[in-house]
Structures are given as C-alpha cells and as structure tokens.
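# Geometric and topological summary
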Amino acid sequence: MALKAGIIGLPNVGKSTLFNAITKKNILAANYPFATIDPNVGVVSVPDKRLETLYDMYLPERVINTQYEFIDIAGLVKGASTGEGLGNKFLANIREVDAIVEVVRCFENKDIIHVEGNIDPRRDIEIVNYELILSDLEIVENRLLKVEKKAVTTNDKEGLFEVSVLKKAIENLKSGIMLRLVDFDEKEVKLLKTYNLITIKPFIYLANVSEDDLLNGENKYVKEVREIASNEGSSVVMMCTKIESELSELDEESKKEFLNDLGIANSGLDQLIHITYHVLGLKTFFTVGKDEVRAWTFKDGMKAPECAGIIHTDFEKGFIKAEVMSYDDLIECGSELKVKEAGKARLEGKEYIMQDGDICYFRFNVTK
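These numbers were taken from a predicted model, which means no experiment stands behind them.

Attention now moves to the sheet that holds strand β7 (residues 235-239). Adjacent strands of a sheet form backbone hydrogen bonds with each other and so pair up, either parallel or antiparallel. Taken in spatial order, the six strands make up an open sheet running β2-β4-β1-β5-β6-β7, and their pairing is mixed. The sheet is open, and its two edges are formed by β2 (40-45) and β7, each paired on a single side. Taking each pair of neighbouring strands and ignoring which way they run, the sheet shows an average axis angle of 25°. For strand β1 (residues 4-8) and strand β5 (residues 99-105), the ladder comprises four bridges, and the chain directions are parallel. Residue pairing for β5: Gly-6 is matched across the bridge by Ile-100. Along the sheet, helix α4 (residues 121-154) contacts β1, β5 and β6 (203-208); its crossing angle with β5, the most-contacted strand, is approximately 145°. Running at roughly 160° to β7, helix α8 (residues 220-232) makes contact with β5, β6 and β7 of the sheet.

Here is the structure:
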C-alpha cells in the first residue's frame, strides 16, 4: 500500500536535514532558499518491535518492515500560489501526498538565515497555510465554473450536490479556514478528496529545535506551535533535526547508547514515523514463516479479503478464509501449536474486520 507523507515548510527550517535523517541519503542541505528544487522521495521503514520477537520465534531468512514514503519538497515562500519561488511546481508535488508534515523553525541561530528575517512560528505557519488555501481556492472555483451551469440546467442530483459542496468549500477557504477543519460529512469528504486538495489532508507540525532546547525542554516557540496545533486538533512532534541526522549515521546499538546518554527514550524520528502512521489511519498485520516474517500496512476498517489483496490481487479475488491469530495470543501461548490448543486460532470469513497485530494465512482459490 503506497502511502506518502510530504515534508513542507519555509526555506531553511530544517526540512532537508530531516529528510537526510529519515532516508539516510546525503541530499543537498544548503543555507539558502531553494537548495532543494526537485522533490526527494525516500522509502521509510516503520519501526515495530513485534517483528524482532517474531524473528526470534520463526528464525526466517528475511524480515520486512512495513513501509511508506516521505517526500521532501522545496521550501515554500510567500506568493507561491501565484508563482513566487517555485510556485505551482511546489504545490503540484504536494498534492500527491496523503499527509502533511509541516516543519516549523523553533530555534535561534544567527548563522542560518530566515527568509522572513526573524523567528516567528505563528507567522511562518500562517504564510504556509495561506498559500495552500489560495491554491485550493483556485481549484475549487475553477471546478465550480465548469460544473455549475450544467448541474442547474439539467437539475442533475449528483451535479447539484457537487455544486453545494464546492460552494461550501469556497466559503470556508475565503474565510481563511483549512478544509480539514470544516465539518464535512463522509460523502462530502469523499468528493473533495477527488480534487486532490491540499488543505483537506491531515497535518502534523514538526517543531525543529536546537540541541539545548531538546534536552532542556520546550521553548516559547514550541509552546506557540502546540497552541496552534491544539486549536486545530493536530499533532506536534518536537525534534532536533541536527541530532536526528547524526543518529541516522549510527548502528542500532550505538543509537541506543547515544539516546541513553541524552536521557531520551525514543528518537524524534521514531515518534514522527509512528504519529504519521497513526494520523493516516494505518494498522499492521503480519505474515510469518521460515522464509519470511513480514509486516503489512492496511487502513483501519478494512476487511480480510481487502487485506489479502494487499499481498496479491489473486488473494482477494479468490479469497476463501483467513486463518488468524493475534500477536498477543502468540506471545502469551508461546507457539502456534499452543495457540491452537488454547482455542485462540480462528477461521475468519469475508466480513471479518482486520485488527492491528493479526497474524494471517489467507486461503484462496483462483480458477483460470
């Protein structure tokens, strides 16, 4: 399941340094706007300690984490919606992602220039969000011009519904409201998502701080970001991208020692990955065996045949049953055999809603 999170923000806020840490790729991270011109794409493995335990139990040839993409997009500037800076190139790239990670500079450093001249998270967030709103407004207004006359003339039910949703979106965007903060019903949201609008996507604010602030606690800038996020119902991750970049160069054992020395339980990067995973409404099921132990990503609420189809389309087409046991039951019982002896192994049908931590073997039959 190819899911994507986009990293955005003003120039010189730490986006490319964060991307370096995420993907361990040495991309250009320079002290001037537009150092990153083309979007950089990196596949990210989701940390999951359950895989380590399953590896110890099955001793497979390989272990595969569930993954998704992070995309680093060039710094946004005031006026991007009308073509300033990288303008529409930036905004076109960001429309392809499922969630937004907005990096906000929350550190002072006279050696790193700020495109607006000083540190002000509220202003920076407003600049970025305003440009996204203007860009979405242009799309929905153009769509309304295209469909309204025909819908009204023909009195088409679906067309009139689309017109009403577009007008509702336009009214809110003109009021400076991100569409993800508007009370749309499920059908309205489904329609709006077909336009690939940016402001309807879930947001995570990443407060990028200095090394000292990471160790000493939140500064005034981070508190301001948290206040904004709280009012929106969004998540915040406080991170020092410089430290994360250094951590990414270490092996797992050295990384743990470094974090212990800093007095930090989990890296900011691990927090970001898990929060992004949660925000996207994702869960994990497992397949196990001597050849491979693997984690698979699925959307919350998906049924067994749909999850089987994530592995291979034939599994969904010819779905018969799913042999299921939970990870927790396996750990409690100690082996597959003992799970079965305890009566905790199950055969589930087409209506079974998959749960996080399910360990599955799918029965299927496809006749040619």
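That shown, we press on.
Looking now at the packing of aromatic side chains. One pass over the full model with this rule turns up seven aromatic pairs. An angle of 15° between the planes, with centres 6.3 Å apart, marks the rings of Phe-285 and Trp-296 as stacked. Here the residue Phe-285 occupies a position in strand β8 (residues 282-287), and Trp-296 occupies one in strand β9 (residues 292-299), the gap between them amounting to eleven residues. Of the two residues examined, Phe-285 and Trp-296, each falls in the buried class. A network of ring pairs unites the aromatic residues Phe-285, Trp-296, Phe-298, Phe-319 and Phe-362 as a single cluster. The ring of Phe-161 is capped by Lys-187, whose NZ or CZ atom sits 4.4 Å from the centre of that ring.

Further remarks concern a negative patch on the surface. On the surface, Glu-52, Asp-56, Asp-251, Glu-252, Glu-253, Glu-257 and Asp-261 cluster together into a patch of negative charge. Broken down by secondary-structure element, the contributors of at least two residues to the negative patch are α2 (49-58) and α10 (252-262). A total of four residues in the negative patch trace back to one element, the largest contributor, which is α10. Position of Asp-251 among the secondary structure elements: in the loop between α9 (241-247) and α10. On the basis of relative accessibility, which here comes to 46%, the residue Asp-251 falls in the partly exposed class.

Attention now goes to the pairing of β6. The buried count for β6 comes to six of six residues, which makes it a mostly enclosed element. Examined bridge by bridge, β5 and β6 share six bridges and lie parallel to one another. Of the residues in β6, the one forming a bridge with Glu-102 is Tyr-205.

We now examine α8. Within an α-helix, residues lying three or four positions from one another point in the same direction, as the helix has 3.6 residues per turn. Its 13 residues place the ends of α8 19 Å apart at the C-alpha level, agreeing with the 18 Å of an ideal helix rising 1.5 Å per residue. Tyr-221, Val-222, Val-225, Ile-228, Ala-229 and Glu-232 are the residues of α8 that are buried. Projected down its long axis, α8 carries its buried residues within an arc of 120°, all on one side. For α8, exposure combined with an orientation more than 90 degrees from the buried face picks out Lys-220, Lys-223, Ser-230 and Asn-231. The N-terminus of α8 is capped by Asn-219, whose side-chain oxygen sits 3.0 Å from the backbone nitrogen of Tyr-221.

The rules we used
- Within each chain, residue numbers correspond to sequence positions counted from 1 in written order.
- Given that this is a predicted model, residues contribute local features only at a pLDDT of at least 70 and side-chain atom pairs are listed and counted only at 80 or more, while totals for whole chains, interfaces and linings are drawn from all residues.
- Remark: hydrogens and water are excluded; side-chain values derive from all non-hydrogen atoms of the structure.
- DSSP calls a pair of strands paired once it identifies at least 2 bridges connecting them.
- A run of DSSP states H or I qualifies as a helix once it reaches four residues; a run of E qualifies as a strand once it reaches two. Both are numbered from the N-terminal end.
- Axes here mean lines fitted to C-alpha atoms, for a helix over just the part in contact, with angles spanning 0 to 180 degrees between N-to-C directions.
- In this description, contact between two residues means that some pair of their heavy atoms is separated by no more than 4.5 Å.
- Between 30 and 60 degrees the pair is tilted, below 30 it is stacked and above 60 it is edge-to-face, where a pair is any two Phe, Tyr or Trp rings, Trp via its six-membered ring, whose centres lie within 6.5 Å.
- Burial classification: accessible surface area is computed with a 1.4 Å probe over protein chains only, and a residue below 20% of its type maximum counts as buried, one above 50% as exposed, and the rest as partly exposed.
- As a reminder, the over-ring test applies to NZ of lysine and CZ of arginine, requiring each to be within 6 Å of the ring centre and within 35 degrees of the ring normal.
- Only residues above 30% relative accessible area that lack a salt bridge enter a patch, with like-charged residues linked at up to 9 Å and the nonpolar side chains Val, Leu, Ile, Met, Phe, Trp and Tyr linked at up to 5 Å.
- Under the convention used here, a 1.4 Å probe and the Shrake-Rupley method define accessible areas, while residue burial counts only the protein chains that appear.
- One speaks of a salt bridge when a side-chain nitrogen belonging to Lys or Arg is within 4 Å of a carboxyl oxygen belonging to Asp or Glu.
- Charge convention: Lys and Arg are scored as positive, Asp and Glu as negative, and His as well as the terminal groups of each chain are ignored.
- For charged residues, the charge sits on one atom: NZ in Lys, CZ in Arg, CG in Asp, CD in Glu.
- One fewer than the residue count of a helix, multiplied by 1.5 Å, yields its expected span.
- Note that the arc is computed from the directions linking the helix axis to the C-beta atoms.
- As used in this structure description, the phrase polar contact means that two N or O atoms lie within 3.5 Å; if the pair is within protein, one of them must be able to donate a hydrogen and the other to accept it, and residues adjacent in sequence are counted only when both atoms belong to side chains.

None of the figures reported here should be taken as evidence of function without further support.
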